[in-house]
Amino acid sequence: MSVLIAFLSLIVEFALGYPDWLFRAIGHPVTWFGRLISFLDLRLNRATDPDALRRQRGVQALLVIVLVPAIAGLCVQLVLLWFVPLGWIIAVFLATSLLSQKSLYEHVEAVADALDSGGLDMGRAAVSRIVGRDPETLDRAGVCRAAIESLAENFSDGIVAPVFWTGVGGLAGGAAYKAANTADSMVGHRTPRHEAFGWAAARFDDWINLPASRLTALLIVLASLLVEGADPRDAWKAVRRDAKKHRSPNAGWPEAAMAGALGLALAGPRSYGGVMVDDIFMGEGGRRDVDSGDIRRALKLYRVADYLLIGLFGLVALIAVLVF
C-alpha cells in the first residue's frame, strides 16, 4: 500500500501541486517542521555550552525531529486505512504535500521568464527564491547556472527522495524524511552556531539522500536518451568523473548528470553569505556561458526524468499489487 500511495501521490501532485489557498489556511508540512526545529534550536543550542554537549543535544533534537513526524504519519495512515472508508485516497492527498514537482518547475521557469522579460536584476530576484547563494554576485550566466543546479538538486531532495521514503515507509517514512531534510537546511551548516549542534542533522541527511541522489542521476541519464539535444553518454561520463568530487556526497550526482547531458559546467566557485566556496565544476570542460534557453532545455530534461520516475513507481506499485 505504501508504494501505491507514493505512486498515486506523484500523479496527483504533478497535476495539482500544493494549492495556494491551503498554504494560506494551514501552512505546509515544511513550515510545521520548521517551527519544531526552531524551537529545539532555541532551547537546546546554547552558545555557552561546550561543543561536545551541543553535538549531543543535536543528536537528541534530531531524534525528536524525525520521530514526532514519523509517529504522527504512522498513526494517521493506520487510522485512514483501518477505520476510514476509502481512507487510502486521503492518504494519497496527504502524501502529495511532501512533493514539489509542480512548484519546482514553476520556480525555475520563473527565472528564465524573469531574465527574458526584465533582465538581470529580475533574474537575480527570481533565482534568490530558490538558491541560498548571494544573488548580487551573479552575472546572467551565473543566474542561469544557479537555476539549473537548483533544479537538479531539488529534483533529488524535493521529489525523488520523499517519494522513495514514502514508498518504503508510507506517510511515516515520507514525513520523517521531509523533517530530517528540513533540519539539515536549517541547522546543518558549518557556522559557529550550528557546527556542533547541526552535525547530526547534516550527517543523517547525507545518509538518507544516498539512494535518491543516485536514482536521480540515473533518471536524468535515461531521460537524455529521449530529449533532443541531450547527450546520455556525456551525462554518464560526467556522473562517473565528477559526482564524487562535489563537496556534498549527494548533490554532485544529479548536478553532474544534468551538466553532462546539456554540455554545461555547473557548480564551481560561488558565494554564500559573503563567503566564497571553491567547489569543483560538474561537467568539467562544459560550456559556462549559460543562458535562459539552457534553463528551458534543463526543464525539458527534468520533465522527462519526472515522467520516468512516475513510470518506475507505477511499475513497482503494479508488481506489489499483483504479488501481495
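Here, every reference points to the structure presented above.
Let us look at the structure shown here. Note that the structure is a prediction, hence the values are computed from the model and not measured.

1. Focus: the overall build of the protein
1) Next: Looking only at helices and strands, one finds 13 helices and 4 strands in the protein.
2) Next: Here the C-alpha atoms of the protein give a radius of gyration of 20 Å, agreeing with the 20 Å that 2.2 N^0.38 yields for 324 residues.
3) Next: In terms of overall dimensions, the protein has a C-alpha envelope of 55 × 55 × 40 Å along the principal axes.
4) Next: Counting only residues that meet the buried cut, the protein has 52% of its 324 residues in that class.
5) Next: Pairs at least 24 apart in sequence give 70% of the contacts found in the protein among residues at least 6 apart.
6) Next: If you sum the accessible surface of the protein, you get close to 15400 Å²; carbon and sulfur atoms cover 64% of it.

2. Here we look at unusual backbone geometry
1) Next: Positioned with a positive phi, L86 is a non-glycine residue whose angle comes to about 55 degrees.
2) Next: Along the chain, L86 turns up in the loop between α4 (51-83) and α5 (87-96).
3) Next: Residue L86 is classed as exposed on the basis of its relative accessible area of 57%.
4) Next: Even without being glycine, A267 reaches a positive phi, approximately 65 degrees.
5) Next: Along the chain, A267 falls in strand β1 (residues 266-267).

3. What about helix α6 (residues 101-118)?
1) Next: The terminal C-alpha atoms of α6, which comprises 18 residues, lie 26 Å apart, in line with the 26 Å expected from a rise of 1.5 Å per residue.
2) Next: Taken together, the buried positions of α6 are Q101, L104, V108, V111, A112, A114 and L115.
3) Next: Buried positions along α6 lie against α1 (2-16), α7 (120-127), α8 (140-187) and α13 (292-323).
4) Next: The positive-phi residue at the C-terminal boundary of α6 is G119, with phi of around 85 degrees.

4. A look at the packing of aromatic side chains
1) Next: Throughout the structure, instances matching the rule amount to 7 aromatic pairs.
2) Next: Seen in terms of ring centroids, W82 and F83 are 6.5 Å apart; in terms of plane orientation they differ by 75 degrees. Their pairing is edge-to-face. F83 carries the same exposure label as W82, and that label is exposed.
3) Next: Pairing F155 with Y302 gives two aromatic rings, centres 5.2 Å apart and planes at 90 degrees, and the pair type is edge-to-face. Within this pair, whereas F155 is found in helix α8, its partner Y302 is found in helix α13, the two being separated by 147 residues in sequence.

5. Re the environment of V221
1) Next: Structurally, V221 is set in helix α10 (residues 210-223).
2) Next: When the C-alpha positions of V221 and A261 are compared, they lie 7.0 Å apart, and in sequence the two are 40 residues distant.
3) Next: Not counting chain neighbours up to four residues away, the residues in contact with V221 comprise P232, A235, W236 and A257.

6. Some points on the nonpolar core
Buried together is how nonpolar side chains tend to be arranged in soluble globular proteins.
1) Next: Core analysis: the biggest nonpolar cluster contains 83 residues, and F155, M258, I295, L301 and L309 have the highest contact counts within it.
2) Next: When residues in this core are grouped by element, the largest group, 20 residues, is from α8.
3) Next: For L301, the residues in contact, after removing those within four places along its chain, are I220, A223, S224, V227, A230, M258, A261 and L262.
4) Next: Within the second largest apolar cluster, 7 residues are counted, among which are V12, V92, A95 and L171.

7. Structural notes on the packing of α8 against helix α12 (residues 252-262)
1) Next: As a packed pair, α8 and α12 sit with axes 8 Å apart at the nearest point and diverge in direction by 130 degrees. Taken together, the axes of α8 and α12 are oblique relative to one another. Helix-helix and strand crossings are classified by hand; for α8 and α12 the assignment is right-handed. Residues I148, E149, L151, A152, E153 and S156 of α8 touch α12, and the partners they reach there are P254, E255 and M258.

8. So, the packing of helix α3 (residues 29-44) against α8
1) Next: Remark: α3 packs on α8, axes separated minimally by 9 Å, with the N-to-C direction vectors making an angle of 55 degrees. For the element pair α3 / α8, the angle class is oblique. In the crossing of α3 with α8, the sense of the turn from one axis to the other is right-handed. Residues V30, F33, G34, I37, S38 and D41 of α3 form the contact with α8, whose participating residues are A175, K178, A179, T182, A183, M186 and V187.
2) Next: Of the residues belonging to the contact of α3 with α8, the class tally is 8 nonpolar, 3 polar and 2 charged.

Conventions adopted
- Residues numbered from 1 in each chain as written.
- Predicted model: local features only at pLDDT ≥ 70, side-chain atom pairs only at ≥ 80, totals over all residues.
- Heavy atoms only, no water.
- Helix = DSSP H or I, 4+ residues; strand = E, 2+ residues; numbered from the N terminus.
- Rg over C-alpha atoms; globule rule 2.2 N^0.38 Å.
- Buried < 20%, exposed > 50% of the residue type's maximum accessible area, 1.4 Å probe, protein only.
- Contact = heavy atoms within 4.5 Å.
- Areas by Shrake-Rupley, 256 points an atom, 1.4 Å probe, with all protein chains shown as cover.
- Expected span 1.5 Å × (residues − 1).
- Phe/Tyr/Trp six-rings, centres within 6.5 Å; stacked < 30°, edge-to-face > 60°.
- Core = buried A, V, L, I, M, F, W, Y, C linked by side-chain atoms within 4.5 Å.
- Axes fitted to C-alpha atoms, helices over the stretch in contact; angles between N-to-C directions.
- Parallel < 35°, antiparallel > 145°, perpendicular 65-115°, else oblique.
- Left-handed = near helix turned anticlockwise from the far one by under 90°.
- Nonpolar A, V, L, I, M, F, W, Y, C, P; charged D, E, K, R; others polar.

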